[in-house]
Amino acid sequence: MRRRFVKIAAIALAAAITVSAGACAGESGQDTFTGDASEEPEYQSSLNPITPSAYRDVRGLKLEKGSYISIIGKSEATAFWKSVRSGVVQAAEDLNKELGYTGNDKIKVTYNGPAKSEDIDEQVNILDEELSRYPDVIGIASIDEDACTVQFDLATENGIPIIALDSGNKYPGIQCTVKTDNQEAARTGAYNLANEIGGKGDVLVLVHDSKSETAKERLKSFQDEMTEKHPDVNVAEVIYCDKLDDIRKQMADEYNEGLKEGEREVQKESFSDADVIQYMIERHPGLKGIFGTNDSTTMLGLHAIRQAEEEKARSGGEDGQSPDESGEDSGKDAQMPEGSGKDSGKDAQMPEEPGKDSEEGEQASGESGEDSRKDGQVSGESGEGSDEAGQASGESGEDSGKDGQTPGESGEDAGKTVGASAQNSQESGNESEKDAQKQDTQADSENEDGNKTVPASADDDKNEGKSQTDGTDKDTSGDQISDDEDGGTDDTSTENEWTENTKIVLMGFDVSKDQLKALEEGEIAGLVVQNPFGIGYASVVAAARTVLQAGNEAQVSTGYLWVTKDNLNDESIKKMLYD
């Protein structure tokens, strides 16, 4: 009888434990994972790349009711920062659901950013306002890594801890930084660009600003990768988008030097950002590639390339000559300062100090294997909040490509005619030279029945006997460039001469709707796509851990992907895209 009682009691106890466990699970508000992937939230794919893994999860963060977390970004307008905001909002919802807080008891989490991207003054004003509300913690994506020291000191005096997101800050009291691994991401971009252009040639780097940590890290790592692994690729110019006015002034000065009496001067404001980049492109004949350090700079590069190609197509049709027939002069005529010719490259160069400083800085010592650069790989992240500098200007550059505008209406017309009047003063001499070159070119083209020769106008010392049909130069869609449709090896343009047959490979950071479209159409060859949702989510977790004094990692990495036309539609990639 006693044995029977023990057996029944054991069964009853087991049943009670089972019921109790089910009740606890219900009370906690947590869904029990059964192995069905559909039970994961839709945004889980944006949390999985975050390391350490503790920053993917709000469980266990027992903040007091009504706690206040303030997150300040670099913008409210761009796709990147909208996605960061979405991550912040989602983390707040998850946190309140986990704690069971409702109404006035909810954890208050706010996101604010400048209306205009990269507006440091507005960001400082937002920070001042948030400090006056005495939040429990502030997270900020610093536009200038040296800025806000006074505000941070004030926060420290009032017991308000600070974390950083996207871009770090030099302030010594920063508790944690949540961002992309910019060094690895930029090296991945450099590796793929070098590979796409055949491992040699000149490239430009468009940098969103000269002040943020994000911009500095990406530029330095890009240059280090080229120097260490791709020595035949030359970073010919570094162009900072917060210093474009210096180049605008240079362009206006060149134009105005050649004015005749009674002709109107051009002001630097007449040139759009895209005009400036087009001008820099045409100062580097034979340019192979452009790399943008965020979404705005990448789109700016795209607009400038489009403008240059449209202008090249128009100028190539003059006098009945094709770009191939017109030889070297066609390359000159396509340059924005048409009358300045070669001298413009010598006498009016962009200030090189920023680029030099970056090149002479210490090189990153971290090794990064080629395997880590393969398509679709997730790695460390960087909130390209800085991704916004120059976006509006990139849009204006596209509009400026239209015909019929005066310099006052668009920078492009001014750009196309920079030095036009100066050219008139040299016209009689240049015309005779062009006629002679045209005759030589036509004579050479008539020699096709015999041995083919390179026109006298081509630059023999640069050609080195190589044809662009050797497969080393590819356009942005990956198609081999060929000068002769019949597959011949005759090349009437030199390897280093920027012609309609030389396509500039464009790569960069982040992904907007326009970037996705350009990627699909082959105008952009590859993009480092960050994880802004993950940045926002992990920043809230880091902020909560800071309030609870639970300890933080010095740096939290949120992952990135390398996206191309080939893997764009992969399911694993599509889940991480944002626009």
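Please read all numbers here as calculations on a predicted model, not as lab measurements. (Residues numbered from 1 in each chain as written. Predicted model: local features only at pLDDT ≥ 70, side-chain atom pairs only at ≥ 80, totals over all residues. Heavy atoms only, no water.)

As a further point, take the sheet that holds strand β3 (residues 137–140). Pairing is parallel in the open sheet, where six strands are placed in the order β2-β1-β3-β4-β5-β11. Two strands in the sheet have a free side with no partner beyond their single neighbour: β2 (108–112) and β11 (555–557). Adjacent strand axes in the sheet meet at a mean angle of 15 degrees when their direction is disregarded. Packed on one face of the sheet, helix α3 (residues 79–99) meets β1 (68–72), β2 and β4 (162–165) and runs near 175 degrees to β2. (Pairing = 2+ DSSP bridges. Helix = DSSP H or I, 4+ residues; strand = E, 2+ residues; numbered from the N terminus. Axes fitted to C-alpha atoms, helices over the stretch in contact; angles between N-to-C directions. Contact = heavy atoms within 4.5 Å.)

In terms of nonpolar packing, the biggest core is built from 77 residues, with Ile69, Ile239, Ile247, Ile277, Ile281, Ile290 and Tyr537 touching the most fellow members. By residue number, the principal contributor to this core is helix α19 (residues 532–547), which donates nine residues. Ignoring sequence-local partners within four residues, the contact set of tyrosine 537 consists of Tyr43, Leu47, Tyr55, Arg56, Asp57, Val58, Gly87, Val88, Gln90, Ala91 and Asp94. Core analysis: the next-biggest nonpolar cluster, separate from the first, contains 24 residues, Val505, Phe509, Val528 and Tyr560 among them. (Core = buried A, V, L, I, M, F, W, Y, C linked by side-chain atoms within 4.5 Å. Buried < 20%, exposed > 50% of the residue type's maximum accessible area, 1.4 Å probe, protein only.)

Here we come to the sheet that holds strand β12 (residues 560–563). If you trace the six strands from one edge of the open sheet to the other, you get β7-β6-β8-β9-β10-β12, paired in mixed fashion. This sheet does not close on itself; its edge strands, each paired only once, are β7 (233–240) and β12. Taking the axes of each pair of neighbouring strands and ignoring which way they run, one obtains an average angle of 15 degrees across the sheet. Taken together, the three bridges between strand β8 (residues 289–292) and strand β9 (residues 505–509) define a ladder with parallel strand orientation. Bridged to glycine 289 within β9 is valine 505.

Turning to the pattern of salt bridges, a few remarks are in order. Should their charged atoms come close, side chains of opposite charge can pair. Applying the stated criterion to the full structure yields 19 salt bridges. One salt bridge connects glutamate 145 with lysine 216, and the closest N-O pair in it is separated by 2.7 Å. Within this pair, whereas glutamate 145 is found in the loop between β3 and α5 (149–157), its partner lysine 216 is found in helix α7 (residues 213–229), the two being separated by 71 residues in sequence. Residue classification places glutamate 145 among the buried residues on the basis of a relative accessible area of 7%. Put simply, Glu145, Asp146, Lys170 and Lys216 are held in one network by salt bridges that share partners. (Salt bridge = Lys/Arg side-chain N within 4 Å of Asp/Glu carboxyl O.)

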